[in-house]
Amino acid sequence: MTTYRAIRGMVDILPEETPLWQSMETAALEVLSSYGYSEMRLPIIESTDLFARSIGEVTDIVEKEMYTFADRNDDSMTLRPEGTAGCVRAVVQHNLAVTPQRLWYMGPMFRYERPQKGRQRQFHQLGVEAFGVATPDQDAELIAICRQLWRRLGVDDALQLEINNIGSADDRARYRDALVAYLSQHRNQLDADSQRRLESNPLRILDSKSPDTQAVLDGAPGLQDYLDDTTQSEFQVLLGYLDALGVRYVLNPRLVRGLDYYNKTVFEWTTEHLGAQSTVCGGGRYDSLVETFGGKATPAAGFAVGLERLTLLMQALDITVSTPADLYVITADENAYQHSLPRLDALRRQFPDIDIVQHLGGGSFKSQFKRADKSGAAWALVYGEAEVAAGQVTLKPLRAEAEQQTIPDAELEAFLAGYLATAQSA
RNA sequence: GUGGCUGUAGCUCACCAGGUAGAGCACCGGAUUGUGGCUCCGGAGGUAGCGGGUUCGAGACCCGUCAGCCACCCCA
C-alpha cells in the first residue's frame, strides 16, 4: 500500500493551529476595515509574462523560483509568487486606478525554494495595496496599519521597522553606474554571488551578508547622494509622520529589496525570533507599475505580510489561542439522547455564540465525562435517566471548583443567558 | 541551487562491540454497574522514512533516495 505525504514545501495547517490563523485573519480584516481598505479576491494563476515584467527578469524569483507550466493551450502560466502583480493587473483591467483605491487580499503564494523554518514553497501572504496617492501620508498610513496589526496580535514589541529611500528609477540608474564603477575596482574582494551580480543586479550587492563584501561597501558611494531633492524631502516628511505616530524605525541605507518595481520608500519589519527568515513584512512604493501594465500613470504603495512567519512569531512569544466548547452534552441512553435532540437544536438556534458539543458514540458516564474534560468545555450538560424522567438537566462545572446543579430543563435558557453575560464581561 | 546535521510507537527520546526494540507522555479498559481532573492496575500500538549493499545476522556500518532542521542564497 502506498502512503502519501504532502509534497515538499507544502504544509498542512492542522486543527491545533487554525484558531491562531483565524484570530490573525480576523484581526487583519478588522484593522484594514477600520482604515477603509476593501478586500479583493484574485486568481492564483496568472500569465508568466505578468510576473517576469513586474518583478524583474533578473530577480531570483523570476529566474529560479517560479512554478511555471504550460496549460493545455500551450500558454505559459505561473502560480503567483507574490500578490502585487496580480493585484495591479486587476486594478488596470477593471479601471480601479481612477480614484484613490485602498485594497487588500489574502491567500497562498508559491515559490520553488529550499524549505526551512519560515520558508515554504506554498505560503500565505496578506497583501495591502493603495493606489493614486503619491505623497508620503500614504506610506505613513501603510506603516501605521502594520503597527496596528502587530499590536492587535501582541507582537508589536518583537518587530522592528527598517526603512530606506531608494529613489526613482533614474536615480538608481545613475547610482548603479557609480556603484559598478567603484565595485569593479575591488572585484576580487567580493564574494562569488556579488561578483555575478555586478553585471546582473548590482544594487542587491548592498545587502550581501559577506563580511568582506560589506567591508568593500564601506567605501562605496551612497545611494542617498544620488537622490533628487524632492525625493529626499518627501522621505524626511515621512519620517516626521512616523515620529508623530510614535513608530520607531531604523534607517537602513542598504535595504534594497529584491523586486524591481519598488521605488522611493521601501521598508521591512523584522524580528530576532525566527532565525534566518527574519522578515515578517515587507513593502514599499511602486509608482510606475500601473503604467507598466498599460494603465494611466498612477502612484501606488503596498506591503505584504508573511502569515506563516507571523504565526511562528506568535508561537515564539507563547501567544496561544484556543476555542474550547462551552457545553459538552452527556446522555445516559438512547431515550435520553433522543430527548436531548430537539432541546439542543433549539438552544443552538437561540444561542448561536455558545458552542455546544454533543457526545457521540455512546459509552459509560465515566467515559463521557472523560471526553468532556478533554474537550476543554466549561460545563457538562447531563441528560441522565432521572433528569429526563423529571424534566430536568444537570449542569456540572468542569473548569471551576463548584457543585453541580440540577435544574428544570426549561430554565436552561436563563442559565445560558447568564453564562453568556458573564463570559462576555470576563 | 550549495554545504552541514537528523529521520526508532501519535509526541519526546533511549537501548545496542551489529544478534530482528524500550521508557515517559498521549491513547483504550478496569479499580469506581450515573460523573472528568489525582492515584493504582492492565492493554493496545513500531517489518526502526524508503530502497539497495556489506554480514551467518543491520534500526545500528556503507551507498542511494525521500523528508525535516540549520546555514548560505533569497525573501513573506
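Residues numbered from 1 in each chain as written. Chains lettered and ligands numbered in written order. Predicted model: local features only at pLDDT ≥ 70, side-chain atom pairs only at ≥ 80, totals over all residues. Heavy atoms only, no water.

Time to look at the sheet that holds strand β11 (residues 300–306). Across the sheet, 8 strands lie side by side as β1-β5-β6-β11-β10-β9-β7-β8; this open sheet has mixed pairing. Two strands in the sheet have a free side with no partner beyond their single neighbour: β1 (38–39) and β8 (249–251). Note that strand β9 (residues 263–270) and strand β10 (residues 279–285) share 6 bridges and pair antiparallel. Considered in β10, the bridge of Val-266 is made with Gly-284. The strands touched by helix α4 (residues 84–93) are β5 (101–110) and β6 (122–131); relative to β6, the strand with the most contacts, the crossing angle is about 40°. (Pairing = 2+ DSSP bridges. Helix = DSSP H or I, 4+ residues; strand = E, 2+ residues; numbered from the N terminus. Contact = heavy atoms within 4.5 Å. Axes fitted to C-alpha atoms, helices over the stretch in contact; angles between N-to-C directions.)

Counting 47 residues, the largest nonpolar core has Met-40, Cys-87, Val-88, Phe-131 and Leu-183 as the members making the most contacts within it. Among the elements of the structure, α2 (48–55), α3 (60–64), α4, β5, β6, α6 (169–185), α8 (211–218) and α10 (289–292) are those that each provide at least two residues to this core. Among the elements that make up this core, the one with the highest residue count is α4 (6 residues). Leaving out residues up to four positions away in the same chain, Cys-87 has contacts with Met-40, Leu-42, Leu-103, Tyr-105, Glu-129 and Phe-131. Core analysis: the second largest hydrophobic core is formed by 42 residues, Trp-104, Val-128, Ala-130 and Ile-145 among them. (Core = buried A, V, L, I, M, F, W, Y, C linked by side-chain atoms within 4.5 Å. Buried < 20%, exposed > 50% of the residue type's maximum accessible area, 1.4 Å probe, protein only.)

Here we come to the protein's contact with RNA strand B. Close to RNA strand B lie 49 residues; Arg-111, Arg-119, Arg-197, Arg-204 and Arg-257 are nearest. Between RNA strand B and Arg-5, the relevant distance is 3.2 Å, taken from a sugar or linking oxygen to a side-chain nitrogen or oxygen of the residue. For the surface near RNA strand B, the secondary structure elements donating two or more residues are β6, α7 (192–200), β10, β11, α13 (365–375), α14 (385–390) and β15 (392–397). Among the elements that take part in the surface near RNA strand B, α13 stands out by supplying 7 residues, more than any other. Partitioning the surface near RNA strand B into residue classes produces 12 nonpolar, 13 polar and 24 charged. (Near = heavy atom within 4 Å. Polar contact = N/O pair within 3.5 Å; in protein donor to acceptor, adjacent residues only side chain to side chain. Nonpolar A, V, L, I, M, F, W, Y, C, P; charged D, E, K, R; others polar.)

Phi angles above zero are rare outside glycine, and Lys-264 is one such case at about 50°. Looking at the secondary structure, you find Lys-264 in strand β9. Despite not being glycine, Asp-318 shows a phi value in the positive range, around 60°. Overall, the relative accessible area of 64% leaves Asp-318 in the exposed class.

Let us look at the sheet that holds strand β3 (residues 67–70). Pairing is antiparallel in the open sheet, where 3 strands are placed in the order β2-β4-β3. One side of each edge strand has no neighbouring strand; the edge strands of this open sheet are β2 (45–47) and β3. Adjacent strand axes in the sheet meet at a mean angle of 35° when their direction is disregarded. Pairing of β3 with strand β4 (residues 76–79), which is carried by 4 bridges, proceeds in the antiparallel orientation. By the bridge assignment, Phe-69 is partnered in β4 with Met-77. Most of the contacts of α2 go to β2, to which it runs at about 75°, and overall it touches β2, β3 and β4.

On the surface, a cluster of positive charge is made up of Lys-366, Lys-370, Arg-371 and Lys-374. By secondary structure assignment, the location of Lys-366 is in helix α13. (Patch = residues over 30% accessible without salt bridge, like charges linked within 9 Å, V, L, I, M, F, W, Y side chains within 5 Å. Areas by Shrake-Rupley, 256 points an atom, 1.4 Å probe, with all protein chains shown as cover. Salt bridge = Lys/Arg side-chain N within 4 Å of Asp/Glu carboxyl O. Lys, Arg positive; Asp, Glu negative; His and termini not counted. Charge placed at Lys NZ, Arg CZ, Asp CG, Glu CD.)

Relative orientation of the contacting elements α6 and α7 amounts to 140°, with a least axis distance of 10 Å. With respect to α7, the axis of α6 lies oblique. The hand of the α6/α7 crossing is left-handed. Together, Arg-176, Val-180, Leu-183 and Ser-184 of α6 and Leu-198, Glu-199 and Ser-200 of α7 make up the contact between the two elements. Among the residues forming the contact of α6 with α7, the class breakdown is 3 nonpolar, 2 polar and 2 charged. (Parallel < 35°, antiparallel > 145°, perpendicular 65-115°, else oblique. Left-handed = near helix turned anticlockwise from the far one by under 90°.)

A few words on helix α9 (residues 229–245). Counted at 1.5 Å a residue, the expected span for α9 with its 17 residues is 24 Å, and the 25 Å between its end C-alpha atoms agrees. Regarding α9, the residues found buried are Thr-231, Phe-235, Leu-238, Leu-239 and Leu-242. An end-on view of α9 places all buried positions within 100° of arc, on one side of the element. Turned more than 90 degrees away from the buried face of α9, the exposed residues are Asp-229, Thr-230 and Ala-244. Where α9 is buried, its residues touch α5 (136–153), β7 (160–165), α6, β8 and β9. Where α9 starts, the residue carrying a side-chain oxygen 3.0 Å from the main-chain nitrogen of Thr-230 turns out to be Asp-228. Note on α9: the residue one or two positions beyond its end, Gly-246, has a positive phi of about 75°. (Expected span 1.5 Å × (residues − 1). Arc of directions from axis to C-beta.)

With that settled, the discussion passes to the confidence of the model for chain A. For chain A, per-residue confidence averages 92 on the pLDDT scale, and residues scoring 70 or more make up 99% of the total. At the level of chain-chain contacts, confidence expressed as ipTM amounts to 0.87, with global pTM at 0.92. (pLDDT = per-residue confidence, 0-100.)

Turning our eyes to something else, we now look at α2. Among the 8 residues of α2, 6 are classified as buried, and the element is accordingly described as predominantly covered. Where α2 is concerned, the buried positions are Thr-48, Leu-50, Phe-51, Ala-52, Ser-54 and Ile-55. Residues of α2 that are buried in the fold lie against β2, α3, β3, β4, α4 and α10. In the stretch just after α2, Gly-56 is the one whose phi turns positive, near 120°.

Our focus in this paragraph is the pattern of salt bridges. Should their charged atoms come close, side chains of opposite charge can pair. Taken as a whole and judged by the stated rule, the model has 17 salt bridges. Residue Arg-53 pairs with Asp-49 through a salt bridge whose shortest N-O separation is 3.4 Å. Of this pair, Arg-53 and Asp-49 both sit in helix α2, 4 residues apart, which is roughly one turn of the helix. Between Arg-102 and Glu-141 there is a salt bridge, and its shortest N-O distance comes to 2.9 Å.

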